[in-house]
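Geometric and topological summary
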Amino acid sequence: IQLLNLATMAVTNLQWAKDEVSAARWAKNVDVLAYLVGTADDKRDGPWNVLHLASIHEGKPHITRFDPKGAESFPKGMRIAEDAPLDLSDDGVRVFFGIRLWEEKKRPEGKPDEKPGVEVWHWKDLDIMPLQKRREASERRRTHLATWNSTFGFQRIADDTARAASVLPDYERALVWDDLKYKSSTTDGLDFRDYYLHDLGTGERVKVLEKTQWGMAPSPKGRYLAYYGDKQWWVVEHADEASDIAA
């Protein structure tokens, strides 16, 4: 990675090596660039990625690195995914990224066995075997949202229970939803989920909506969350204390 100063046409090197560089992203209001530097592993699927945060001051970069190997709170057996886009808070302090399992590479298969195959299906599985096969590729690509900054360190936002999350526009909270307890092997076509507010400073998670089939939409600055229920629209204000206001 090289930086070009359009005023002086000076070029500054940020990263030079044979390692793979990916997912570069600028902060909105400050000269801060985040990117990943990955080192290939012959036995693992995908590179081991280290997060780099370059702060540019008077044309000179100051680089801070986050290597998950040195973080006790980083989940074992997982890595930062290069195909999940990076995001930065407007002030460039906090970085958001996706993590996933770091699986071993599959060994090349030999000649196909002419004997009939056997599919093992557990009676408690929520998805039938054909659906599991169809979703296998997308499930392998799934990432869990996480964040890091030099003050608070690493923090996981989504997990195996609440697998979906989005950062609110204020970059102080994230909206997390969990549908696992409502899943069933039989369905009437209605999908329900619970919604939580995840505090990015403390890591605390508070439930704001239970068993809804509709989503929640944040306001432009992230202070309010709107949702539909009981044949009308509602707004949750979460700046101080969560409270429902009919709209």
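All values derive from a computational prediction rather than experimental measurement.

**Some thoughts on the overall build of the chain**
Along its length, the chain carries 1 helix and 19 strands. Within the chain, the proportion of its 247 residues that are buried is 34%. When contacts within the chain are restricted to residue pairs at least 6 apart in sequence, those whose partners lie at least 24 apart make up 41%. As displayed, the chain offers around 16400 Å² of accessible surface, 50% of which is attributable to carbon and sulfur atoms.

**A few points about the sheet that holds strand β5 (residues 48-57)**
Think of a sheet as strands paired side by side through backbone hydrogen bonds, with each pair either parallel or antiparallel. What the 4 strands build is an open sheet, ordered β3-β4-β5-β6; its pairing is antiparallel. Taken across any chain shown, the strands that pair with only one partner, and hence form the sheet edges, are β3 (20-26) and β6 (60-66). Strand-to-strand twist across the sheet, computed as the mean angle between neighbouring axes with direction ignored, equals 25°. Here strand β4 (residues 32-39) pairs with β5 via 8 bridges, running antiparallel. Within the sheet, the bridge partner assigned to L36 lies in β5 and is L51.

**Thoughts on the nonpolar core**
Grouped together as the largest cluster of nonpolar side chains are 19 residues, with contacts concentrated most on L51, F66, F74, I80, F97, I99 and F154. When residues of this core are traced back to their parent elements, those giving at least two are β4, β5, β7 (78-80), β9 (95-101) and β10 (144-149). Look past the residues within four positions of F97 in its chain and what remains in contact with it is L51, F66, I80, P85, L86, H144, L145, A146, T147, W148 and F154. Of all hydrophobic cores here, the second largest spans 11 residues; its members include L168, L209, L225 and V236.

**Overview of unusual backbone geometry**
Located in the positive-phi region is A23, a residue other than glycine, with phi close to 60°. For A23, a relative accessible area of 24% corresponds to the partly exposed category. In this model, K211 sits at a positive phi of 50°, which is unusual for a non-glycine residue. For K211, the position within the fold is in strand β15 (residues 205-212).

**Things to note about the pairing of strand β12 (residues 164-167)**
The sheet contact formed by β12 and strand β13 (residues 173-178) spans 4 bridges and is antiparallel. Directly across from V167, in β13, lies its bridge partner A174. In textbook terms, the turn of a hairpin is the stretch between consecutive antiparallel strands, and for β12 and β13 this stretch comprises 5 residues, one of which, Y171, has a positive phi near 55°.

**Points about the confidence of the model for the chain**
Looking at the chain as a whole, the pLDDT averages 86, with 84% of positions reaching at least 70. Taking the mean pLDDT of every element in the chain, the minimum, 52, falls on strand β19 (residues 243-246) and the maximum, 97, on β7.

**Considering the sheet that holds β15**
Spatial ordering of the open sheet is given by β12-β13-β14-β15, a layout of 4 strands whose pairing is antiparallel. Edge positions in the sheet fall to β12 and β15, since each has one partner strand and no second. Neighbour-to-neighbour, the strand axes of the sheet open up by a mean angle of 20°, direction not taken into account.

**What about the packing of aromatic side chains?**
One pass over the full model with this rule turns up 12 aromatic pairs. Summarising the aromatic geometry, the rings of F66 and F97 are spaced 6.4 Å apart at their centres and angled 35° between planes, so their arrangement reads as tilted. Residue F66 is found in strand β6, and its partner F97 is found in strand β9; the two are separated by 31 residues along the sequence. Each member of the pair, F66 together with F97, is buried. Ring-pair connections join several aromatic residues into one group, and the members of that group are F66, F74, F97, W148 and F154.

Rules of the game
Residues numbered from 1 in each chain as written. Predicted model: local features only at pLDDT ≥ 70, side-chain atom pairs only at ≥ 80, totals over all residues. Heavy atoms only, no water. Helix = DSSP H or I, 4+ residues; strand = E, 2+ residues; numbered from the N terminus. Buried < 20%, exposed > 50% of the residue type's maximum accessible area, 1.4 Å probe, protein only. Contact = heavy atoms within 4.5 Å. Areas by Shrake-Rupley, 256 points an atom, 1.4 Å probe, with all protein chains shown as cover. Pairing = 2+ DSSP bridges. Axes fitted to C-alpha atoms, helices over the stretch in contact; angles between N-to-C directions. Core = buried A, V, L, I, M, F, W, Y, C linked by side-chain atoms within 4.5 Å. pLDDT = per-residue confidence, 0-100. Phe/Tyr/Trp six-rings, centres within 6.5 Å; stacked < 30°, edge-to-face > 60°.

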